[in-house]
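Single-letter residue listing:
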Amino acid sequence: MTYAITQTCCNDATCVAVCPVNCIHPTPDEPDFGTTEMLYIDPRSCIDCGACADACPVDAIFPVDRLTGKLRAYEAINAAHFTDREPAPAAASPTFHSWGEPRFDRSLPSDFAPIRVAVVGTGPAGMYAAEDLLLHTNAEVTLIDRLPVAGGLVRYGVAPDHPSTKGAGDGFARFHTHPRARLRLGVEIGRDVSAEELAAHHDAVIYAVGAPSDRRLGIPGEDLPGSVPASALVSWYNAHPETGPAAVMPAAAERVVVVGNGNVALDVARILVTDPEGLAATDIADHALAALRASRVREVVLLGRRGPEHAAYTTSELLALTDLPGVDLVVDDHDPRVGAAVDAAAPGGKAALLRGVARETVDWSRGPAEGRRRIVLRFHSSPVEALGGERVEAVRVTGAGAAGGAGGDGVDLAAGLLVRAVGYRGVRVPGLPFDETTGTVPHTGGRVEGMPGTYVVGWIKRGPSGGIGANRACAAETVGGLLADAVAGTLPRPTGSAKDFERLARKRSRTLVDARGLAAIDRTERARGAEAGRPRVKLATVPELVAAARGAGRWRRRAG
């Protein structure tokens, strides 16, 4: 019996490192490692040892005989990756790798002096960097976040109905209490502490601040009420403390138009049409759950500028849409290129995934049909204008409607909510250089240009590409450069101590939370969840988070 990797694969390659027979590919040393959607297990060489399943941080690996429902497709998906590929060379023993030449990418001298490193951002990129430093060096690490709680993208970016993916946060959390780690949450660089002050108290600083802004559509009406960036909606249903309960109001909308067809767009569509009772067992924000229970949304339209063969979503995320209880998936057949691409697609291609999905030339002059909810994929169509008086009432898009046939001049889609899911963008960090074109900090291999001792990792380094696991290799490159600079003696020497920085942070920030406070927040949220039959009920405002950090019992009495 072999194993298979499934939907929630995070690509961080932990499984590759523990596989005794080299049956998981692509490996970090192979050219397509950074471009494949997920990793795959070769059924021809898997020996059923289960080491990969034990090591997987997101519980994505199962024996194929335990795959049920939509996960059954992953037996074939894993096997298809190795079609027409030669299996890895066999070793003399069935339980050992065929090892290549030994490699020593890093070499630290035996008398390497401890260094003090600040990591700004506690999402996956920052935590992979911290993990590398804490496990492989004697460095002291200060973990800093502008929010009074850790987690970043794992806490506030992963959809609540993906609990396995959120499980990656448990692996990162073990470093919050590492004896050489210090948490300084609720401290914003540029507001509470300057970049110069941070650098003065550390040998090196790694910025892992992500890409918190959104790309704009550049169309008339984009700023009407009822037009929101995807990041706002994602933050709204994940209880981000900077996104209030009223930031998104889906209740009045029967149809929602989502511009984009990447994984975030699919997440948004799925959450908006999923039965709220199915979300009630997740950590979705209380205010979002209440709003979705009252929502009138029956249809979500996903606009894709190009054809189905070029869709940006991953295979796994599309498969998740095909098996939603009570939700139909439909392809708008308004353009002949759509059906042609699906029919001609080779097995395993993006368009081939839609071969069993219903096609319909939708009549957009009518509202959503009564009864079941549905998601409509409309390819070869872009937004032209958001229409409405006091708020969005319709979205004008390119391509024909049912009345005009293919090649028409456009059609108006009546909609009460427009979600812009066309990509994220980094923002300037005060005190650091910034490339306005790419939305990143200029760097060379993670070293910030013109600022010795300052480094970047994650989306602020490479742009908004790659999921959670992609940050492991990204962090390894940055940390490798930092350690090389430390060995070479080119890091600036700090003028302040760790204790000096703690005093400075506590003086400047009224919302500072340390490791004990973070543990108190976690206990409070889990206790609230246990009362409601949920994994946790998130605290949704900064005052609530800080109050819990400073005394969960007192906060609970005041809240009650």
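Predicted, not measured: the structure shown is a model, and the values here were computed from it.

Draft legend 1. Expanded view of the overall build of the chain. A count of helical and extended segments in the chain gives 20 helices and 23 strands. Taken over C-alpha atoms, the radius of gyration comes to 25 Å for the chain, in line with the 24 Å a tight globule of 560 residues would show. If you line up the chain on its principal axes, its C-alpha atoms span 75 × 65 × 50 Å. Put simply, the chain has 560 residues, and 54% of those count as buried. A separation threshold of at least 6 residues defines the contact pool for the chain, and within that pool the share at least 24 residues apart is 75%.

Draft legend 2. Quick peek at the sheet that holds strand β13 (residues 327-332). With respect to topology, seven strands assemble into an open sheet ordered β10-β19-β11-β12-β15-β13-β14, the strand pairing being parallel. Only two strands of the sheet have a single neighbouring strand rather than two, namely β10 (227-229) and β14 (358-360). Across the sheet, the mean angle separating the axes of adjacent strands is 25° when strand polarity is ignored. Here β13 pairs with strand β15 (residues 373-378) via five bridges, running parallel. Bridged to V331 within β15 is L377.

Draft legend 3. Quick look at the pairing of strand β5 (residues 116-120). Taken across its five residues, β5 has five buried, putting it largely inside the fold. The side-chain alternation of β5 yields two buried faces, one formed by R116, A118 and V120 and the other by V117 and V119. With five bridges joining them, β5 and strand β6 (residues 140-145) adopt parallel strand pairing. Residue pairing for β6: V120 is matched across the bridge by I144. As defined by bridge partners, β5 adjoins strand β8 (residues 204-207) across four bridges and the pair is classed as parallel. When the bridges of β8 are listed, V117 appears paired with A204.

Analysis parameters
- Residues numbered from 1 in each chain as written.
- Predicted model: local features only at pLDDT ≥ 70, side-chain atom pairs only at ≥ 80, totals over all residues.
- Heavy atoms only, no water.
- Helix = DSSP H or I, 4+ residues; strand = E, 2+ residues; numbered from the N terminus.
- Rg over C-alpha atoms; globule rule 2.2 N^0.38 Å.
- Buried < 20%, exposed > 50% of the residue type's maximum accessible area, 1.4 Å probe, protein only.
- Contact = heavy atoms within 4.5 Å.
- Pairing = 2+ DSSP bridges.
- Axes fitted to C-alpha atoms, helices over the stretch in contact; angles between N-to-C directions.

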